[in-house]
Amino acid sequence: MSDVALVVMARYPEKGKVKTRLARSIGEEKTLRLYQAFLTDLAWRFANWTCCRLHWAYTPSEVDFNAFIAGLASLDASSMSSFPQEGPDLGTRLLQAFRFTQARQFARTVLIGSDSPHVSRAIITQAKQALDSADVVLGPAEDGGYYLIAMKEPHDLFSDIPMSTDMVLQMTIEKARQQGLSVRLLEPLFDVDELPELLRLAQLLQEHSYLAMATAAQLAQLKKESKL
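No experiment lies behind these values; they were computed from the predicted model shown.

### Describing the sheet that holds strand β5 (residues 136-140)
Strands sit in the order β3-β2-β1-β4-β6-β5-β7 across an open sheet of 7 strands; the sheet is mixed. Strands at the two margins of the open sheet, each flanked by one partner only, are β3 (81-84) and β7 (183-185). Each strand of the sheet is rotated relative to its neighbour by a mean of 20 degrees, with strand direction disregarded. The sheet contact formed by β5 and strand β6 (residues 146-151) spans 5 bridges and is antiparallel. Bridge pairing in β6 links Leu-138 to Ile-149. Most of the contacts of helix α5 (residues 121-130) go to strand β4 (residues 108-112), to which it runs at about 140 degrees, and overall it touches β1 (4-11), β4, β5, β6 and β7. Its contacts with the sheet put helix α6 (residues 168-178) on β5, β6 and β7, and the angle it makes with β5 is roughly 170 degrees.

Following this line, the structure appears as structure tokens:
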């Protein structure tokens, strides 16, 4: 088994509780279908991958997320693991995810969100390799946050950071440097929170559907229904 953990922060898909900003534009039912496609693409890409052991850090805690995601993506449940998110806010939950994998003897942890179904294996590999020479690896998101954070140890780079703002990346870099930690940045990537990013993803997948095939199929269906 790989000593690298890949953690995906995810929410169990429930109508009206996922990607609420996007839902205001295209409706709750369409958003639910899209988010399920996002999760399917991430599962297909990263389960059974020898580079990393796939973990889902999920909420709410009462669901059997591993069984759900295995059924959604038609995968063997043993090809991945799941654990509930812990903490009252996003920063605490991110830190606890790193502590969870360290307690299980993973030497490196790469953590991503579930808002970028087009994130590639190559990017995850680059993050893992960058930890050879850096304490912290960040994948900048175009909105000023980050879509990926990787560390060998669970450094607290999350406390007092106003999450979901355009200052998250810069403040995280500054917090790391204040702790004497070296930082490496990967290539920028956009995540999908609102309609403009979704339209951008649709255009990307129209030309390169292999990047996220379930999402591409769902977007094609929405276009057929004249919803995009």
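Now that the structure has been shown, we can carry on.
### So, the packing of helix α2 (residues 28-46) against helix α8 (residues 213-224)
For the pair α2 and α8, interaxial distance at closest approach is 7 Å and the crossing angle is 160 degrees. By the angle between their directions, the pair α2 and α8 is classed as roughly antiparallel. Viewed along their axes, α2 and α8 form a crossing whose handedness is right-handed. Contact residues: Lys-30, Arg-33, Leu-34, Ala-37, Phe-38, Thr-40, Asp-41 and Trp-44 in α2; Met-213, Ala-214, Thr-215, Gln-218, Leu-219, Gln-221 and Leu-222 in α8. Across the contact of α2 with α8, the residue classes tally to 8 nonpolar, 4 polar and 3 charged.

Criteria and thresholds
- Residues numbered from 1 in each chain as written.
- Predicted model: local features only at pLDDT ≥ 70, side-chain atom pairs only at ≥ 80, totals over all residues.
- Heavy atoms only, no water.
- Pairing = 2+ DSSP bridges.
- Helix = DSSP H or I, 4+ residues; strand = E, 2+ residues; numbered from the N terminus.
- Axes fitted to C-alpha atoms, helices over the stretch in contact; angles between N-to-C directions.
- Contact = heavy atoms within 4.5 Å.
- Parallel < 35°, antiparallel > 145°, perpendicular 65-115°, else oblique.
- Left-handed = near helix turned anticlockwise from the far one by under 90°.
- Nonpolar A, V, L, I, M, F, W, Y, C, P; charged D, E, K, R; others polar.

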